[in-house]
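What the coordinates show
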Amino acid sequence: MRPIFYSTAAVLLSSALCAANAAENDVLSPIAPFVIPSGRPDETAVRGIVECLNKAGFDQFMVYPSTGMDYDYLGDDYFRMVGWFLDEAERRRMKVWLYDEFNWPSGTCRGRVPEENEACLYRELVAYTNSSGKVGWRTLVSRGRSVDNDCLDTNNLEPASANRFIELTHREYSRRFSRYMGTVIRGIFTDEPGHCTTAWRMKVPAGTVTRIPWWSGMEEEYAAATDGADFRCDYEKALSTGMLAAERPFGVWTQIRSERYRRTYFDPIRRWCDENGIVSTGHLIGEGGPPTCARDNGSPINTLLGMSKPGVDLVISATDRRFEWVTLALVQTAVRRSGRPGSAELFGVGPCDLDFTTMRKMYYLCALHGVDTFFQGLWHRSAVRFAKKPAWAMFTSPTQPWFAHARLLNAAAREAAALAGKPAECDIALVYPQKVMGACAMARVAAPDLVGVCRELTLNGFNYELVEETEKTDRPIVFDWDGRTLFERRSGTRFGDFAQMRSWLEQKFPRRLCMRDETGRPKAGYVVRAYADGTAVAVDTSSGAVHFATNGIFSLPGEAESSREIAGSWSLSFDSPSRRRIWFWTSKPATVKARAWEAKVRAHVSGRYSEDGISEFRVLSPLSGVRFVMRSLPEDAGVRVTLDGRPLDFPVAPAKSLVYAYNEICRESEAVDLSAGRHVLKLEGAKDDKMFMPVLWMTGNFSEPERGVIAPSPRTVPNGTLAAQGFPSFAGTAVYRAEARLEPGERLVLDTGGAVAGVKFGGRDLGMKGWAPFEWEIPEDLAGRSLPLEISVITSVRPVFDDENDPDACLGHAQWVRSSSAPEPTVGLRSCRAVR
């Protein structure tokens, strides 16, 4: 293996990073779920949440005031509730993170800051041209209400705004909870403070050419940075010559925006954190798109360093070409400079059927970039949130059937986080042209393809760090930019495309440690880190597999010598009922930008239904014990459901046959017997247009062998997915049983479609697994005997919401990440083999 290159400074920083990592996460599980205290939980409920997290292997969490919480934010009752969380966490030796806002973006104190002081409202400076081409200027003030927080947007570039925010929020926390600071309270999280959600609604003048965030003193700061130049004169000159994308004025503006952002917002928060012995973390907005990031954050490297624990936002987990590879590169760079491992917000938008393989993959990808704390969405005490926010549906709570086995996740995350501080081989520096990005964003012209370069370097196994435009670096290879053209600074080599860059690097590092194919050529799609101690890790971004190397060699699983199917027929039982979501056709859902499928759906519905609010199903043979569960929110007081023309009553409250967070807001019917034949449900007084807030479910011991057809559950099933076995709406633990014989030397190998699985053989528990290889060794004393085999397959909660592509599903909101397994659910006991 080629020697690892280190500068003295890099070695010292890596050593400090290792020490910081060991001190911070020596015993803690690095996963910190966002916990929404929905409703008005009392002390018993709050302590129960902490206990449940603790038993599932979580050592830290964040109290997340958000939509659905009924406490008056920052009122006495709210702080009393936070105190219950802190006290119970202290009792259980857990850590707590504070969140500095209600919802997001941070900085408004749920609207109080801009409502108190008009000078704190978000503003933009707009340049426009009239019919003669003359440039005019106007300052606009945002007075719209945030779609995320139902309040006015603040301007965190104004000291008055940031200071008042800190006074109302941070100082109030330290006044009330000083004894927990630095012990139970580990830090505070700020969320997208540069983000104005109402900017798009501001009415700009005709002929608008440019609009930029504005703050008092902006033009004076520009003059100070340019030896007295006038911003507006520089702008008008650049506009007339077609040079808006040059360094002046917008490259300079990007830099002074970042400095202002640090000075007015991040640095004061960090000082407060330092005073109280805790860390500041969180994330910016738009890290993955460099031009947008520059507009909203200034120079992101400098801005990120305003947090003592740099953090980023990675709420989407599809690691394809569109993934935020720049975001990971940013946090890696900030981590190296700060000397402290970073944090990442994960899985915020779901989907809620993410499997353990995907989550583990994200932990490792983050850790390879220096992140050791994973803020994970979301614990909903009650699903009432989805009545107002129909998206961001991810559950890290007992809502998920797999939550009982979350210790597997915590163990994987702990192993991954241990890598965050290890010194790794890094011979490449890549210039992040922050000023150019800012200029291109304001000029609305194409920017250098930093995203593409980061993606190609990362997915081809090269480690690198980002550097600023004028920064000196001792890395032997430095990629820089001439306009939009990439070149290598030391050799002068220019690259016309990514293939040329890869080929040049392969010639420079012909024996680098990476994943290789049968011919010895490097394989793309793996993120690789080679460490100073001779170990290495490679993450397959496609399959999610994690490979480890010692002495320069990756150990890969060998091929099986022989394989045989163990059983073709299984008895199948469940720990909970089937929960079939009822879709009611709605011709007038809430406003949605795109309903491309509407014409097709209308044609489908016109052939089945004569009016809104109808749902049909057919029963093959009589069923008993079926129950209907209806949503029971305050706005549902007048809702009425009939079955075959007869009103359904829902006397059982709260419901018992749904899942955590939904039972609490639903009512349930008594058991109903259904005769064979067609049945019609009719909904009156409500619309069924929210993906994660259905109006009605049907629950019970039944199967659905085809769409809209209900039947008794089969006694036995073959290998296959639960959907193919007739249980597309089942969420929970499915237990498959059969007699089996495994010979000495054979292993049991399952295909569960990625679902968590457990095996018992001969009554002995052989353990749970959450990712490949789904293999179990057979104890010698059980081999060679015909014994009971029991396989548990644990699903996600996703099936209870059904298929968004159902023809009757007309949803009023499209902002969610679609199911990982859409359109065909893949989970179940797909195969069970004995392998030698």
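Before reading further, recall that the structure is shown in the block above.
Report follows, based on the coordinates. (Residues numbered from 1 in each chain as written. Predicted model: local features only at pLDDT ≥ 70, side-chain atom pairs only at ≥ 80, totals over all residues. Heavy atoms only, no water.)

Considering the overall build of the protein chain
Of regular secondary structure, the protein chain possesses 18 helices and 43 strands. Computed over the C-alpha atoms, the radius of gyration of the protein chain is 29 Å, within 12% of the 28 Å expected from 2.2 N^0.38 for a compact globule of 836 residues. For the C-alpha atoms alone, the extent of the protein chain along its principal axes is close to 85 × 65 × 60 Å. Burial statistics for the protein chain: of 836 residues in total, 60% are counted as buried. The long-range fraction of contacts in the protein chain, counting pairs at least 24 apart against all pairs at least 6 apart in sequence, stands at 78%. Carbon and sulfur atoms make up 50% of the accessible area of the protein chain, which amounts to about 32,300 Å² in all. (Helix = DSSP H or I, 4+ residues; strand = E, 2+ residues; numbered from the N terminus. Rg over C-alpha atoms; globule rule 2.2 N^0.38 Å. Buried < 20%, exposed > 50% of the residue type's maximum accessible area, 1.4 Å probe, protein only. Contact = heavy atoms within 4.5 Å. Areas by Shrake-Rupley, 256 points an atom, 1.4 Å probe, with all protein chains shown as cover.)

Comments concerning the sheet that holds strand β13 (residues 464-467)
The mixed open sheet is built from five strands, whose spatial order is β13-β12-β14-β15-β16. Strands at the two margins of the open sheet, each flanked by one partner only, are β13 and β16 (494-495). Summarising the sheet, strand β14 (residues 477-482) and strand β15 (residues 485-488) pair through four bridges and their orientation is antiparallel. Pairing of phenylalanine 479 across the sheet is with glutamate 488, part of β15. Strands in contact with helix α17 (residues 498-508) are β12 (428-431), β14, β15 and β16; relative to β14, the strand with the most contacts, it is inclined by about 160°. (Pairing = 2+ DSSP bridges. Axes fitted to C-alpha atoms, helices over the stretch in contact; angles between N-to-C directions.)

Comments concerning helix α15 (residues 434-443)
Counted residue by residue, α15 has eight buried out of ten residues, so it is predominantly covered. Within α15, burial applies to Gln434, Met437, Gly438, Ala439, Cys440, Ala441, Met442 and Ala443. Residues of α15 that are buried sit in contact with β7 (208-213), α9 (247-276), α10 (290-297), α11 (300-304) and α16 (450-459). Just downstream of α15, arginine 444 is the residue with a positive phi angle, here 55°.

Looking at the packing of aromatic side chains
Tallied over the entire structure, the rule returns 47 aromatic pairs. Between the aromatic rings of phenylalanine 34 and tyrosine 99, the centroid separation amounts to 6.4 Å while the plane-to-plane angle is 70°, which identifies the pairing as edge-to-face. Within this pair, whereas phenylalanine 34 is found in strand β1 (residues 31-36), its partner tyrosine 99 is found in strand β3 (residues 95-99), the two being separated by 65 residues in sequence. No difference in accessibility class separates phenylalanine 34 from tyrosine 99, as the two residues are buried. (Phe/Tyr/Trp six-rings, centres within 6.5 Å; stacked < 30°, edge-to-face > 60°.)

Quick look at the pairing of strand β26 (residues 640-643)
Of the pairings in the sheet, the one linking β26 to strand β30 (residues 677-684) comprises four bridges and is antiparallel in character. Within β30, the residue paired with leucine 643 across the bridge is leucine 681. Bridging between β26 and strand β27 (residues 646-647) involves two bridges; their strand directions are antiparallel. Along β27, the bridge assignment pairs leucine 643 with arginine 646.

A few points about the nonpolar core
Counting residues in each nonpolar core, the largest one holds 149 residues, and the members touching the most others are Phe61, Tyr78, Tyr363, Leu430, Phe479 and Leu505. Considering each element in turn, this core owes the most residues, ten residues, to α9. Sequence-distant contacts of leucine 505, that is, excluding residues within four places in its chain, are made with Ile428, Leu457, Phe462, Ile477 and Phe479. Listed in part, the 31 residues of the second largest apolar core include Leu572, Leu750, Ala755 and Ile778. (Core = buried A, V, L, I, M, F, W, Y, C linked by side-chain atoms within 4.5 Å.)

Here's the deal with the packing of α9 against α15
Taken N-terminus to C-terminus, the directions of α9 and α15 make an angle of 115°; their axes are 7 Å apart at the nearest point. As α9 packs across α15, the resulting crossing turns out to be right-handed. On α15, the residues that touch Glu247, Phe250, Gly251, Trp253, Thr254 and Gln255 of α9 are Gln434, Lys435, Gly438, Ala439 and Met442. (Left-handed = near helix turned anticlockwise from the far one by under 90°.)

Things to note about the pattern of salt bridges
On inspection of all chains with the given rule, the structure shows 59 salt bridges. The salt bridge partner of glutamate 88 is arginine 92, with a shortest N-O separation of 2.8 Å. In this structure glutamate 88 comes out as buried when scored by relative accessible area, which is 3%. Arginine 833 is paired through a salt bridge with glutamate 565; the nearest N and O atoms lie 2.7 Å apart. On the criterion of sequence distance, the pair formed by arginine 833 in strand β43 (residues 831-835) and glutamate 565 in strand β21 (residues 563-565) is long-range, its members being 268 residues apart. Through salt bridges that share partners, Glu43, Arg47, Glu51, Lys55, Asp87, Glu88, Arg91 and Arg92 make up one connected network. (Salt bridge = Lys/Arg side-chain N within 4 Å of Asp/Glu carboxyl O.)

Here we look at unusual backbone geometry
Look at the link from glycine 350 to proline 351: it is a cis peptide, with omega at 5°. Note on placement: proline 351 falls in the loop between β10 (342-346) and α13 (356-368). Residues alanine 653 and proline 654 are joined by a peptide bond in cis, for which omega reads -5°. Take proline 654: it is sitting in the loop between β27 and β28 (666-668). Residue aspartate 150 is not a glycine yet carries a positive backbone phi of 50°. The phi dihedral of phenylalanine 347 is positive, around 65°, even though this residue is not glycine. Mapped onto the elements, phenylalanine 347 comes out in the loop between β10 and α13. Relative accessible area serves as the criterion here: at 0%, phenylalanine 347 is assigned to the buried category.

Some thoughts on the sheet that holds strand β32 (residues 703-706)
The strands making up a sheet are joined through hydrogen bonds of the backbone, oriented either antiparallel or parallel. Read from one edge of the open sheet, six strands run β27-β26-β30-β24-β33-β32, paired in mixed fashion. Each having just a single partner strand, β27 and β32 make up the two edges of the open sheet. Inspection of the sheet shows β32 paired to strand β33 (residues 709-711) by two bridges, in the antiparallel sense. For serine 703, the partnering residue across the bridge sits in β33 and is alanine 711.

A short note on the environment of arginine 741
Following the sequence through the fold, arginine 741 ends up in strand β36 (residues 733-741). On the basis of relative accessible area, arginine 741 is assigned to the partly exposed category, the value being 40%. Between the C-alpha atoms of arginine 741 and leucine 459, which are 282 residues apart in sequence, the distance is 43 Å. At a separation of 2.6 Å, a polar atom in the side chain of arginine 741 contacts the side chain of glutamate 743. From its side chain, arginine 741 meets the backbone oxygen of glycine 784 in a polar contact 2.8 Å long. (Polar contact = N/O pair within 3.5 Å; in protein donor to acceptor, adjacent residues only side chain to side chain.)

Looking at the pairing of strand β25 (residues 623-631)
Where β25 lies against strand β29 (residues 672-674), two bridges are found, and the strand directions are antiparallel. Considered in β29, the bridge of leucine 623 is made with leucine 674. Inspection of the sheet shows β25 paired to β28 by three bridges, in the antiparallel sense. Directly across from arginine 631, in β28, lies its bridge partner cysteine 666.

Some remarks on helix α3 (residues 76-91)
For α3, spanning 16 residues, the distance from its first C-alpha to its last is 23 Å, which sits close to the expected 22 Å at 1.5 Å a residue. Among all positions in α3, only Tyr78, Phe79, Met81, Val82, Gly83, Trp84, Phe85, Leu86, Glu88 and Ala89 are buried. Of the surrounding secondary structure, the elements contacted by the buried residues of α3 are β1, α2 (43-55), β2 (60-63), β3, α6 (170-176) and β6 (185-191). Just past α3, the residue arginine 93 takes up positive phi, approximately 60°. (Expected span 1.5 Å × (residues − 1).)

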